[in-house]
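# Structural characterization, general
Letter by letter, the chains look like this.
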Amino acid sequence: MAIDLLFALKLISVLGCSLIAGVFFAFSNFVMNALARLQPAQGIAAMQSINITVINPLFMTAFLGTGVGCVFVAISSLLKWQQISITHTMLGSLLYLIGTIGVTLVFNVPLNEALAKVEPSSADGIKIWTDYLADWTFWNHMRTGAAFAAAAAISLA
């Protein structure tokens, strides 16, 4: 029974990591490029709207729920430290927790908060938008890779 529960927890964590990696990949691959093609005021307004809309129960459950799953996977790995899969489960869990959630909280969220304060049509907005596009996208690439690598590592476990 405990093995079935651990398997289910790993599966849910892998699926969650994969889902979040896909969302972030979409942003890195085409959403941010599309926003960059708009006039700065339009791009700012669109991203401000996205940043408000993304705070919803479904996305937050997937994003943070995957983090909770990774915490439980990591704890269960520590309790079964003699098994060879501990390296993969710990690596995958840490990649998601630090590389995805941590990067989001330390880098992407502060950039989003700064953008939220900008008047889209202001001269200051254009400068902030140019920096935002480069910085936010770079950190999004990092969390995309971390979520994808987390899914791979936990899958190997």
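Look above for the structure.
Notes on the structure follow. (Residues numbered from 1 in each chain as written. Predicted model: local features only at pLDDT ≥ 70, side-chain atom pairs only at ≥ 80, totals over all residues. Heavy atoms only, no water.)

## Considering helix H5 (residues 123-156)
Taking 1.5 Å per residue, 34 residues should reach 50 Å; H5 reaches 50 Å between its end C-alpha atoms and fits that length. For H5, the principal kink sits at Tyr132 and spans about 30°. (Helix = DSSP H or I, 4+ residues; strand = E, 2+ residues; numbered from the N terminus. Expected span 1.5 Å × (residues − 1). Bend = angle between axes of the 7 residues up to and from the residue.)

## So, empty space enclosed by the protein
One pass over the full model with this rule turns up 1 cavity of 30 Å³ or more. As for the largest cavity, its lining consists of Leu6, Lys10, Ser76, Ser77, Lys80, Gln83, Ser85, Ile86 and Thr89. Mapped by element, the contributors of at least two residues to the lining of the largest cavity are helix H1 (2-37), helix H3 (57-79) and helix H4 (86-116). (1 Å grid on protein atoms, 1.4 Å probe; cavity = no way out; pocket = protein on both sides within 12 Å on 5 of 7 lines; lining within 4 Å. Points joined across faces, edges and corners; volume = space filled by probe spheres on them.)

## Quick look at the environment of Ser13
Structurally, the position occupied by Ser13 is in helix H1. Along the chain, Ser13 and Cys70 lie 57 residues apart, while their C-alpha atoms are 6.1 Å from each other. Residues in contact with Ser13, not counting those within four places in the same chain, are Thr66, Gly69, Cys70, Val73 and Ile154. (Contact = heavy atoms within 4.5 Å.)

## Quick look at the packing of helix H2 (residues 40-53) against H4
Contact geometry of H2 with H4 gives a least axis separation of 10 Å together with a crossing angle of 125°. On the basis of the axis angle, H2 is oblique to H4. Classified by chirality, the crossing of H4 by H2 is left-handed. Two secondary-structure elements touch here, H2 through Ile44, Met47, Gln48 and Asn51 and H4 through Asn112, Leu115 and Ala116. Taken together, the residues of the contact of H2 with H4 break down into 4 nonpolar, 3 polar and no charged. (Axes fitted to C-alpha atoms, helices over the stretch in contact; angles between N-to-C directions. Parallel < 35°, antiparallel > 145°, perpendicular 65-115°, else oblique. Left-handed = near helix turned anticlockwise from the far one by under 90°. Nonpolar A, V, L, I, M, F, W, Y, C, P; charged D, E, K, R; others polar.)

## Comments concerning the packing of H2 against H5
One can describe the packing of H2 onto H5 by two numbers: an axis separation of 10 Å at closest approach and a directional angle of 55°. With respect to H5, the axis of H2 lies oblique. Regarding H2 and H5, the two cross each other, and that crossing is left-handed. Note on element contacts: H5 touches H2 through Gly125, Ile126, Trp129, Tyr132 and Trp136, opposite Pro40, Gly43, Ile44, Met47 and Asn51. Class assignment for the residues of the contact of H2 with H5 results in 7 nonpolar, 3 polar and no charged.

## Focus: a nonpolar patch on the surface
On the surface, Val68, Val71, Phe72, Ile75 and Leu79 cluster together into a nonpolar patch covering about 470 Å² of accessible area. With respect to the helices and strands, the residue Leu79 is situated in helix H3. (Patch = residues over 30% accessible without salt bridge, like charges linked within 9 Å, V, L, I, M, F, W, Y side chains within 5 Å. Areas by Shrake-Rupley, 256 points an atom, 1.4 Å probe, with all protein chains shown as cover. Salt bridge = Lys/Arg side-chain N within 4 Å of Asp/Glu carboxyl O.)

## Quick word on the packing of aromatic side chains
Summed over the entire model, instances satisfying the criterion amount to 8 aromatic pairs. Measuring from ring centre to ring centre gives 5.7 Å for Phe59 and Phe63, while their planes differ by 10°; the resulting arrangement is stacked. You can see Phe59 and its partner Phe63 sitting in helix H3, 4 residues apart, about one turn around the helix. For the pair formed by Phe59 and Phe63, the shared burial category is buried. Aromatic pair Phe107 and Trp139: ring centres 3.6 Å apart, planes at 5°, arrangement stacked. One end of the pair, Phe107, is in helix H4; the other, Trp139, is in helix H5, with 32 residues separating them in the sequence. Residue Phe107 is classed as partly exposed on the basis of its relative accessible area, which comes to 31%. (Phe/Tyr/Trp six-rings, centres within 6.5 Å; stacked < 30°, edge-to-face > 60°. Buried < 20%, exposed > 50% of the residue type's maximum accessible area, 1.4 Å probe, protein only.)

Keep in mind these values describe shape, not function.
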